[in-house]
Structure formats: C-alpha cells, structure tokens
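Report on the structure
Listed here are the chains, written in short residue letters.
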Amino acid sequence: MGEHVGVVGAGYVGLTSAACFAHLGHRVTCVDIDESKVDNLARAEVPISEPGLPELVAEGLADGTLAFTADDTALAECGIVLLCLPTPPDHEGKPDLGVLEDVVPRLGRLLAPGAVVATKSTVPVGTAARLPDLLRRTDLSVVSNPEFLREGHCVDDFLRPGRVVVGTDPPGSEAARRIERLYDPTRAPVVRADTASAELAKYASNAFLAVKLSYVNVLAELCERFGADVGEVARTMGLDSRIGPEFLAPGPGWGGSCLPKDTTALLHAAGSAGVDFGILRDAVRVNARQRARAVRTVREAVTGSPWGALSGARIGVLGLAFKAGTGDLRDSPALAIATELARRGAEVTAHDPAVGPGPGLDALQVVDDPYLVAKDAAALVVLTEWPEFRDLDWARLAAATARPVVVDTRNLLDSGQLAEAGFTHLPVGRRHPDAAPFG
Ligand code: UDX
C-alpha cells in the first residue's frame, strides 16, 4: 500500500482523483461537507456521469482502499491532502477563494506533522505561495498539482495523463517527489516546476485551447465568404505536427465549466498585472459572436433573411449540453442559442440524450424522443455533436418537418445522406449553395 491520501471535496476533480488514486494502489479518504452526498458515495452511488467512475468507486469501497466521510478530522491520518475545492467566479470574473480560505486554516489545525498539502483544482497564480500563511504551520509542505481533466473523459484522462505537473518552491523538493510518486503507475511525463509556473500552466493550457477554437470558428466564417471548406482547411492545418488535429472542429462556440471561467480569470489576472492579453480577449469576444452567428443562420434558414422574424416558427433543436458525452448545461452555447431562438418568438422543441426537463429550460419544450423535435418544424438545428444524431432516421425526420432543412452548427452530419433523406443541409464553414427561404 502506498500513501494515505486525503481528498477534500467530492466534485468532478475530487471524486475522480479519489477513485483513481485508490485504483492506482493508494489508500484514499475523501471528505466532503455534504453529508447526503457522502452517504450516497459510501453506497457507491455516484452523482456525476463519468464513464468508468462508478466502477472505480465500487472497486475502492469493496477492497477498502477508498472511504468517504463528512468528518474532516479523518484527514489527520493522511500524509498527503489534495484540495479539490470550488473556486467559482465572483461578479468580476475573478476566482472566489472563499471556500479555500475557510478550509485551509482548519487543515492547519488538523494535519499530522510533515503532511503535504496540494492544490488540485484550478486556483489563481500565487495561491500555493499563500497557503503556508493560511496553514500557520512550518512543518507542512505545499504543492501545486493542477488537473487537466475533460468532462466525460475524467477517468481516462486521470489514468493516462499527457503530463503531470508538480510545482513546489523550490522545484523538485521532497514534497514534490511524494506527489509525483502517486502517479508512478501512469508513467506520465512529469514537469517539475515552481508553484507559480504550475498554476499558470493550467490557465495557459485552457486559454490556448480557447484561442485555437476561436481561431477555427473565425476561419469557418471566412470559408463561408470565400466558398472554401473549413473541414479541408482544418485537416491541412492539423496534419502539421506543430499545430495538431485536435480542437480544430468549428462549432457554436466553446463553453462548459472550465474554458469560459479560466479565460476570464486569466484575462482578469493579466489586466491586474498590467499585461494586455489582447489575443485572449479577442478569443472571448469571437466566442460570444458565435452564438449570435448561429441564431442568424437559423433566422436566414427559416425566413430567408438573417434578420427575419421567428415569431411562431417551430424550431427543432438537437443537443443542449455544452458538448457531447455530458449532460452539463453550464455555459452551454447550445442552451444559449436554443433559448435565444425562443426569446425571439420561436416555439423551440429540444432533445438531448443526457438532458431532461429541468431548471433553466423553461423557455423550451424538452422531449426525450428525438423524432418529436421534427414535428412541423421550419428548421432543425444541431447544436451538440452527439454521434447518435448521425444514426437517426433522417427520412422519417424529413417527413415530420414542415420544411426539411437542418442547420448543422457542428458539421456532424453527412450532406449526401441528408440530401438522400430529402433535407437541405446547412453546415458551418462551407458555402450554402442551396439555401432557400422558407415559404
Ligand atoms: C476543458 C479542458 O479540455 C480540460 O483540459 C480542463 O481540465 C477543463 O476544461 P471540458 O470543459 O471538459 O475540458 O471541455 P472540452 O472537451 O475541452 O471542450 C470545451 C469546449 O470546446 C466545448 O464547448 C466543446 O464543444 C468545444 N470544442 C471542443 C469545439 O467546439 N471544437 C473542438 O474541436 C473541441
């Protein structure tokens, strides 16, 4: 048995870290203040949908390597404690460290001599350097060990990480090595850095992805003007190993719980430091424009004009989550676009394989049968790239619509297959030769 690891917080990051470290052979105690969540987890009931996670939680509980508790005094027995606490944006977009500032002094009173405290969830640059003051202990070590987990791939990303970043001041200290050893079975390359670099590396990675996506979304706009195909342009770019093929798929804009929050936080921090991060500001601005662009494309498909009125038009939406593989609606461009269509007077019926009726969806009629969205629709709009949408019976959908046209903001569908089914397919980043007004 390796280290006894304490995990504070049982959200996406904490729960994945706890279950995966137990799977990697460590003893793990995961603490959360939410007692009902802890009770459910202790019965292997996992509140988030992550492939492989329920199995790992059940495995850890069964072999006694994983425990959940609401009693944080259990952390006194842990040699390493990972902070996986929320840092939600405040009204200015700066991360709110309130929870961390509450928890850390308490840890200072609880932890065993010589314990290592590592920040795992995303925290502003300089947070690790502040922790010794908050802990009020000279025998504890502080490490920055940011996670890079994607929703829907958390377990896989954790067990097969592209890299592990371990920040200490100075880099490569004994505490850094103890954290590093936790990941030994993954054989991932390790970056030994100072804490500020480790913290910034997380923001820098997410912000770079956001810039890459906004870049390709503007290229898609250009392709429509020039009669080029963004698929071919992106494929050519992606075959250059310096660019790489991932994160080059155009869409209705990037969203989710991380990219919008982290770009805003980094912009804010750069501004406070007197550095103009213009390229990132533009990426955020371009992203906001994508939603309006999708709405205009739908208006044009339905009325023949990008400024046409949607009042009374029935619109069928496929996809509400911010990306496929999750039911997460946080900062979802799909939900924002569907809601905006409804706000403009359209009657919007929406289907998402992972989303049912619930809060924030009042403007839409959410149905669990994808074929219901097509009923009398003036247009269908694909907003999330669920692969199963490809396999729908498109001829059946066409027959149900008032007019078989599909705005495909993800370039998910095959134009040939759609044409055979009787649909006019309006992808992004390609010229729309056969777009015709409704009525
Ligand atoms: C992201 C980072 O990838 C991860 O490393 C970090 O730890 C948390 O933030 P996640 O929020 O799960 O993960 O989403 P991700 O898969 O990165 O997608 C982000 C957004 O970009 C989504 O809205 C997605 O639809 C969009 N996207 C992604 C595209 O529009 N095109 C692409 O080619 C890829």
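Residues numbered from 1 in each chain as written. Predicted model: local features only at pLDDT ≥ 70, side-chain atom pairs only at ≥ 80, totals over all residues. Heavy atoms only, no water.

**What to know about the sheet that holds strand β14 (residues 424–427)**
- Here we have six strands laid out as an open sheet, ordered β11-β10-β9-β12-β13-β14, and parallel in their pairing. A strand with exactly one partner marks an edge of an open sheet, and here the two such strands are β11 (365–366) and β14.
- Two elements, strand β12 (residues 379–382) and strand β13 (residues 405–408), share three bridges in a ladder whose sense is parallel. Note that in β13 the partner of Leu380 across the bridge is Val406.
- Strands in contact with helix α11 (residues 278–303) are β9 (314–318), β12, β13 and β14; relative to β13, the strand with the most contacts, it is inclined by about 170°. (Pairing = 2+ DSSP bridges. Helix = DSSP H or I, 4+ residues; strand = E, 2+ residues; numbered from the N terminus. Contact = heavy atoms within 4.5 Å. Axes fitted to C-alpha atoms, helices over the stretch in contact; angles between N-to-C directions.)

**So, the pairing of strand β4 (residues 80–83)**
- In β4, alternate side chains face the same way, and those of Ile80 and Leu82 on one face and Val81 and Leu83 on the other are all buried.
- With four bridges joining them, β4 and strand β5 (residues 116–119) adopt parallel strand pairing. Paired with Leu83 across the two strands is Thr119, which belongs to β5.
- Once the chain exits β4 it traverses helix α4 (residues 98–110) before rejoining the sheet at β5, and the crossover so formed is right-handed. (Buried < 20%, exposed > 50% of the residue type's maximum accessible area, 1.4 Å probe, protein only. Right-handed = clockwise from strand over helix to strand, strands pointing away.)

**What to know about the packing of aromatic side chains**
- Inspection of the entire model under this criterion finds four aromatic pairs.
- Through a chain of ring-to-ring contacts, three or more aromatic side chains come together here, namely Phe21, Phe158 and Tyr183.
- Arg163 extends its terminal NZ or CZ atom over the ring of Phe148, reaching a point 3.7 Å from the ring centre.
- Positioned over the ring face of Tyr371 is Arg396, at 3.7 Å from the centre of the ring. (Phe/Tyr/Trp six-rings, centres within 6.5 Å; stacked < 30°, edge-to-face > 60°. Lys NZ or Arg CZ within 6 Å of the ring centre and 35° of its normal.)

**Overview of the site of the ligand**
- Taken together, 19 residues lie around the ligand, and Leu149, Glu151, Ala249, Lys323 and Arg410 are the ones closest in.
- Taking Leu248, its main chain carries an N or O atom lying 3.5 Å from an oxygen atom of the ligand.
- In isolation the ligand exposes 680 Å². Once the protein is present, 91% of that is buried.
- Per element, the largest residue contribution to the shell around the ligand is four residues, and it comes from helix α8 (residues 195–226).
- Looking at the shell around the ligand residue by residue, the class counts come to eleven nonpolar, two polar and six charged. (Near = heavy atom within 4 Å. Polar contact = N/O pair within 3.5 Å; in protein donor to acceptor, adjacent residues only side chain to side chain. Areas by Shrake-Rupley, 256 points an atom, 1.4 Å probe, with all protein chains shown as cover. Nonpolar A, V, L, I, M, F, W, Y, C, P; charged D, E, K, R; others polar.)

**Notes on the packing of α11 against helix α12 (residues 333–343)**
- Following both chains from N to C, one finds α11 and α12 inclined at 45°, their axes separated by 10 Å at the closest point. What the angle tells us is that α11 and α12 run oblique. Taken as a pair, α11 and α12 cross one another with a handedness that is right-handed. Contact residues: Arg291, Ala294, Val295 and Val298 in α11; Pro333, Ala336, Ile337, Glu340 and Leu341 in α12. (Parallel < 35°, antiparallel > 145°, perpendicular 65-115°, else oblique. Left-handed = near helix turned anticlockwise from the far one by under 90°.)

**Section: the domain arrangement of the chain**
- Per the domain assignment, the segments making up the chain are domain 1 (4–193), domain 2 (203–286) and domain 3 (288–426).
- If you average the C-alpha positions of domain 1 and of domain 3, the two centres end up 39 Å apart.
- Each side of the interface is counted separately: domain 1 has four residues, and domain 3 has six residues.
- For the pairing of domain 1 and domain 3, the buried interface totals around 340 Å² over both sides, and the portion due to carbon and sulfur atoms is 31%.
- Between domain 1 and domain 3 we count one salt bridge in total.
- Two residues, Glu151 and Arg330, come together in a salt bridge whose shortest N-O distance is 3.7 Å.
- For the pair domain 1 and domain 3, the number of links is two residue pairs in polar contact (both at pLDDT 80 or more).
- For the side of domain 1 that touches domain 3, a count of residues per class yields one nonpolar, one polar and two charged. (Domains from an automatic or database assignment. Buried area = accessible area lost by both parts, 1.4 Å probe. Salt bridge = Lys/Arg side-chain N within 4 Å of Asp/Glu carboxyl O.)

**Looking at helix α1 (residues 12–23)**
- Between the first and last C-alpha of α1 there are 16 Å, a value that for twelve residues agrees with the 16 Å anticipated at 1.5 Å per step.
- For α1, the tally of buried residues reaches ten of twelve residues, placing the bulk of the element in the interior.
- The complete set of buried residues in α1 reads Val13, Gly14, Leu15, Thr16, Ser17, Ala18, Ala19, Cys20, Phe21 and Ala22. (Expected span 1.5 Å × (residues − 1).)

**Quick look at the side chain of Asp157**
- Considering the arrangement of structural elements, one finds Asp157 in helix α6 (residues 154–159).
- A polar contact of 2.7 Å, which involves the side chain of Asp157, links it to the side chain of Arg150.
- Contacts of Asp157, omitting those with residues within four sequence positions, involve Phe148, Leu149 and Arg150.

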